[in-house]
Amino acid sequence: MTEEKDTDATQKEPKLVEEDESGSSKNINNSSSRRSNHGKGMDSSVFRFSNLNFTVKKGSKETKILSDVSHTVKWGHVLAIMGPSGAGKTVLISALTLDATFGTTRGTVKLNGVPMTDKMFKTHSYVVVQHDKHWPYLTCRETLLYAAELYDVADKADMPTVVDEIITKMGLDVCADTRNARLSGGQARRLSIAIALLKQPTLLFLDEPTTGLDAAAAENIMNEIVRVAKEERIIILCTIHQPSTKVYNSFDETMILSKGREAYTGPVEEAVPYFESIGYPLPVQTNPAEHFLDLVNADFSDDAEVTKILDMWEEKRPEAATTHHKDWKEEEVTGVTDMKRASLASEVSIMFRRCATMIARDPILYMGRAVLFLISNIIFSLVYLKARKYDQNQAANKLWITIWHVAVANNMSVVAVYALNDEFKTILRETKNGMVTPLSYVLAKTILVLPIMIVFGIFALGIPSYAIMDVPGDTFPIVLITWSLTLYIYECVAESLSVWIDDPILGMLQFMNFWFGGFLFGGFLIAKRDMFWPFTLFYYVMPYSYYVRTQMYNQFEDTTWEPCCVGYTNRTSCPEPFCADPPTGSNVLNELSKSYAVVQGDVSVGENLLILACIALFWKLTYIAGVFYKTRQVSKILPN
Ligand SMILES: Nc1ncnc2c1ncn2[C@@H]1O[C@H](COP(=O)(O)OP(=O)(O)OP(=O)(O)O)[C@@H](O)[C@H]1O
């Protein structure tokens, strides 16, 4: 396979060939089974950023992080962005990928002469972030298959072939059927690049693709990157820390940054002569990358000397820019095409399948929780075992076991905050890269989670309430619906917090606040009439008063209790503090309401369920709003 540098690239179609075992060659630009017009759609592309400035504001103080950074990169070329720690490499990638929402970007960023927008980024670009994460319960092959389907890269029958090809191309055969959670650092990075290649982007950003890898793995992955840039005619911008001489020499161009300014930008082979021309020759047997980084590292070199080097390049740059790519004219490459993508219905169906696979394999979030509901509710039922009798002295305990059976399960939804926060970070990356839309994610997740709430209810109530606590069997459907709807409220709260609060620990703390709030304002610890009036609002918006009232009625309605005050001619002379006569479920509830005002002998179940559904809907809407808001957050590029 040809791997030599494309130093004399012209706008003519480069001939990318590899030799098969028989010695004949075949074109490897595109897989035969792959759609030829997908994604890339642009064979010759030019990416230009000019006078890029980035500032952050802290109080009234404005700090400049990038100063007038400019360059133009053509198809098939790799631009390696190097610089000491804190030089601004990651910020540059964030600004170019419209991800730098923490400051103000000014300048021009254009692909084929068209200003970069979020839509254009999603269509033509792909960014692999420094700490890229993959779905832990999918294998490498499954991850790629779903990505291929979502990017609609080929006909369904051809997808496995396309994926197999990319697996081989990225050297992932050995771990193709290994779950992502068990991939090595290098394999995970190869997988990130493989997903990116499935999209066939015009422009690929890689932030520190070699971080944490040993020298051999780093060299290997960088060789792959350079190779795919040529093969796939992609423009690649990647940040890198101290590449080896061999890796450094494989790049087409390099940008050396320090203090947010350029110290050199241009062809790799011209960097050494340039630094020599300004009085910094490369010492013998020294890695050029290391030499440049030592020169511009203000932490370890003389700051004034570093500033001098940066000033010298600023003077030289206009001249260098005129000779840069003198053999091709970027102006001739104009316009961008649209990307073909899967329809919403098929996207939802792919997301649904992917989500279902992960749910089935995740030992904690769903299956684990179902088992925990069962165990914890059985324990609570055993603690309250005496309350299984329809003895009026046990009526209050029946109330409490009804509360525990839902509240303990609701409390465990706190794990969902953490897990969903993690999940959403991956979804953010996928929406950023145009793989999925927020709508398909929300729809697939909602369709899947609703029946899971019913399954949770069967685990939580089946044995604990019906086998142990002797709740009448015919109440099961309505008791199950009431319980599942209440759990769904807490699931929606967890979803909302996982999206709105970036830090999962803070989100979990807020969830616990909500849970305790629900308890406090449920009407059984303190009656509504005794609450200091502004707080009464919480009684109405928290779910437990509706839950307890409805569930107690559901369970008590047609029950008959053991009589009390037997032998007393009138109720007032009977010493029992609690006695319903005749001992019907409704009368027992009316008696109980004297101590727990939240319960009632006559309840409109439909009305209470409707209110619970409205509370769930409210939280679901806040979650959906969060998903749409967060996935649409992009930084703007303002004019200088
Ligand atoms: N979110 C942020 N808010 C404020 N300043 C930031 C933010 N992110 C980065 N910076 C600042 O921008 C400067 C450049 O940071 P950047 O992460 O781009 O460096 P880098 O060259 O990628 O370093 P490293 O190689 O260590 O990752 C640093 O001074 C950093 O403190």
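Predicted model, so just to flag it, every value in this text is computed and none were measured. (Residues numbered from 1 in each chain as written. Predicted model: local features only at pLDDT ≥ 70, side-chain atom pairs only at ≥ 80, totals over all residues. Heavy atoms only, no water.)

This part covers the overall build of the chain. Regarding its fold elements, the chain presents 21 helices and 13 strands. On the chain, roughly 27400 Å² of surface is accessible, and the fraction owed to carbon and sulfur atoms is 58%. (Helix = DSSP H or I, 4+ residues; strand = E, 2+ residues; numbered from the N terminus. Areas by Shrake-Rupley, 256 points an atom, 1.4 Å probe, with all protein chains shown as cover.)

The linkage connecting Asp 581 with the following residue, Pro 582, adopts the cis geometry, with an omega of 0°. Inspection of the secondary structure puts Pro 582 in the loop between helix H19 (544–556) and helix H20 (585–592). The residue Asp 152 is not glycine, and still its phi comes out positive at about 50°. Looking at the secondary structure, you find Asp 152 in the loop between helix H3 (140–150) and helix H4 (159–169). Residue Asp 152 is classed as buried on the basis of its relative accessible area, which comes to 12%. Although it is not a glycine, Gln 285 adopts a positive phi angle of roughly 55°. Topologically, Gln 285 is positioned in the loop between helix H8 (268–277) and helix H9 (288–296). Under the relative-accessibility criterion, Gln 285 is labelled exposed at 87%. (Buried < 20%, exposed > 50% of the residue type's maximum accessible area, 1.4 Å probe, protein only.)

As a further point, take the side chain of Thr 143. Within the secondary structure, Thr 143 is located in helix H3. For Thr 143, a relative accessible area of 7% corresponds to the buried category. Not counting the four nearest positions on each side in its chain, Thr 143 is found in contact with Leu 138, Asn 180, Leu 191 and Ile 195. (Contact = heavy atoms within 4.5 Å.)

Consecutive side chains along a regular strand alternate between the two faces of the sheet. The buried fraction of strand S10 (residues 235–239) is high, at five of five residues. The two faces of S10 match: Ile 235, Leu 237 and Thr 239 on one face and Ile 236 and Cys 238 on the other face are all buried. Relative to S10, strand S5 (residues 78–82) runs parallel, the two being bridged by four bridges. Note that in S10 the partner of Leu 79 across the bridge is Leu 237. Two strands pair when backbone bridges link them, and strand S9 (residues 203–206) and S10 are joined in this way by four bridges, in the parallel orientation. Directly across from Leu 203, in S10, lies its bridge partner Ile 235. (Pairing = 2+ DSSP bridges.)

Right, let's get into the UniProt feature "transmembrane region" (unreviewed entry) in the chain. Mapped onto this numbering, the UniProt entry gives "transmembrane region" (unreviewed entry) at residues 364–387, 399–420, 440–463, 475–501, 507–526, 531–548 and 609–629. Split by type, residues 364–387 is 71% helix and 0% strand. Its first and last C-alpha atoms lie 32 Å apart. In the segment residues 440–463, helix accounts for 100% and strand for 0%; the C-alpha atoms at its two ends are 36 Å apart. (UniProt positions renumbered as here; feature names shortened; annotations may be inferred.)

Judged by nonpolar contacts, the single largest core of 83 residues is most densely connected at Leu 144, Ile 236, Phe 251 and Phe 275. Broken down by element, this core gets its largest block of residues, eight residues, from helix H5 (residues 185–199). Of the residues that make up this core, three or more belong to each of domain 1 (17–135 + 193–328) and domain 2 (344–631). With near-sequence residues (within four places) excluded, Ile 236 lies in contact with His 77, Val 78, Leu 79, Leu 204, Leu 206, Ile 225, Val 228 and Ala 229. Of all hydrophobic cores here, the second largest spans 79 residues; its members include Tyr 366, Ala 370, Trp 400 and Leu 609. (Core = buried A, V, L, I, M, F, W, Y, C linked by side-chain atoms within 4.5 Å. Domains from an automatic or database assignment.)

Turning our eyes to something else, we now look at the site of the ligand. Near the ligand you find Ile 65, Pro 84, Ser 85, Gly 86, Ala 87, Gly 88, Lys 89, Thr 90, Val 91, Phe 102, Glu 208 and His 241, and these make up its full shell. For the ligand, an oxygen atom lies 2.8 Å from a polar atom in the backbone of Gly 86. Within the backbone of Gly 88, a nitrogen or oxygen atom sits 3.0 Å from an oxygen atom of the ligand. Computed on the free molecule, the ligand has an accessible area of 640 Å², of which 62% lies beneath the protein chains in the complex. Sorting elements by how many residues they give to the shell around the ligand places helix H1 (residues 89–96) first, with three residues. Per-class residue counts for the shell around the ligand are five nonpolar, five polar and two charged. (Near = heavy atom within 4 Å. Polar contact = N/O pair within 3.5 Å; in protein donor to acceptor, adjacent residues only side chain to side chain. Nonpolar A, V, L, I, M, F, W, Y, C, P; charged D, E, K, R; others polar.)

Pairing within the open sheet is mixed, and its six strands lie in the order S8-S9-S10-S5-S11-S12. Unpaired on one side and paired on the other, strand S8 (125–128) and strand S12 (261–267) mark the two borders of the sheet. The mean angle between the axes of side-by-side strands here comes to 15°, regardless of whether they run parallel or antiparallel. Strands in contact with H9 are S5, strand S11 (253–258) and S12; relative to S11, the strand with the most contacts, it is inclined by about 25°. (Axes fitted to C-alpha atoms, helices over the stretch in contact; angles between N-to-C directions.)

Inspection of the entire model under this criterion finds 24 salt bridges. Linking Glu 149 and Lys 156 is a salt bridge whose minimum nitrogen-to-oxygen distance equals 3.6 Å. Among the residues examined, Lys 156 registers a relative accessible area of 59% and is labelled exposed. Between Glu 149 and Arg 353 there is a salt bridge whose closest N-O contact spans 2.7 Å. Placement of Glu 149 in helix H3 and of Arg 353 in helix H11 (residues 344–361) is noted, with a sequence separation of 204 residues between them. Beyond isolated ion pairs, a larger network of salt bridges with shared partners links Lys 169, Arg 190, Glu 224, Arg 227, Glu 231 and Glu 232. (Salt bridge = Lys/Arg side-chain N within 4 Å of Asp/Glu carboxyl O.)

It is worth spelling out the state of the cysteines at this point. Tallied over the entire structure, the rule returns two disulfides. Covalently, Cys 564 is tied to Cys 579 through a disulfide, its sulfur atoms 1.7 Å apart. The sign of the 105° torsion about the S-S bond sets the Cys 564-Cys 579 disulfide as right-handed. Of the two residues, Cys 564 is situated in the loop between H19 and H20 and Cys 579 in the loop between H19 and H20; the sequence distance between them amounts to 15 residues. Side by side, Cys 564 and Cys 579 carry an identical accessibility label, which is buried. (Disulfide = S-S within 2.5 Å.)

Moving on: empty space enclosed by the protein. The full count for this structure, using the stated rule, is five cavities of 30 Å³ or more. Around the largest cavity, the lining residues are Tyr 390, Lys 398, Ile 401, Thr 402, His 405, Ser 465, Met 469, Val 471, Gln 555 and Phe 556. Contributions of two or more residues to the lining of the largest cavity are made by helix H13 (395–412) and H19. A total of four residues in the lining of the largest cavity trace back to one element, the largest contributor, which is H13. Here the lining of the largest cavity is composed, by residue class, of five nonpolar, four polar and one charged. (1 Å grid on protein atoms, 1.4 Å probe; cavity = no way out; pocket = protein on both sides within 12 Å on 5 of 7 lines; lining within 4 Å. Points joined across faces, edges and corners; volume = space filled by probe spheres on them.)

To continue, consider a nonpolar patch on the surface. Residues Phe 532, Trp 533, Phe 535, Leu 537, Phe 538, Tyr 540 and Val 541 make up a contiguous nonpolar surface patch of roughly 790 Å² in combined accessible area. With respect to the element layout, Leu 537 can be found in helix H18 (residues 536–541). (Patch = residues over 30% accessible without salt bridge, like charges linked within 9 Å, V, L, I, M, F, W, Y side chains within 5 Å.)

One can describe the packing of helix H14 (residues 414–432) onto helix H15 (residues 438–468) by two numbers: an axis separation of 10 Å at closest approach and a directional angle of 145°. Listed contacts from H15 to Leu 420, Glu 423, Phe 424, Ile 427 and Thr 431 of H14 are Pro 438, Tyr 441 and Lys 445. The residue inventory of the contact of H14 with H15, partitioned by class, reads five nonpolar, one polar and two charged.

Next up on the list: the packing of aromatic side chains. Scanning the entire structure with this criterion turns up 38 aromatic pairs. Considering the side-chain rings of Tyr 264 and Phe 275, the 6.2 Å spacing of their centres and the 50° angle between planes classify their relative orientation as tilted. Pair noted here: Tyr 264 is in strand S12 and Phe 275 is in helix H8, with a separation of 11 residues, a long-range link. Classification of Tyr 264 by relative accessible area gives buried; the value is 3%. A ring pair is formed by Tyr 490 and Tyr 544, whose centres lie 5.6 Å apart and whose planes are at 20°; its orientation type is stacked. (Phe/Tyr/Trp six-rings, centres within 6.5 Å; stacked < 30°, edge-to-face > 60°.)

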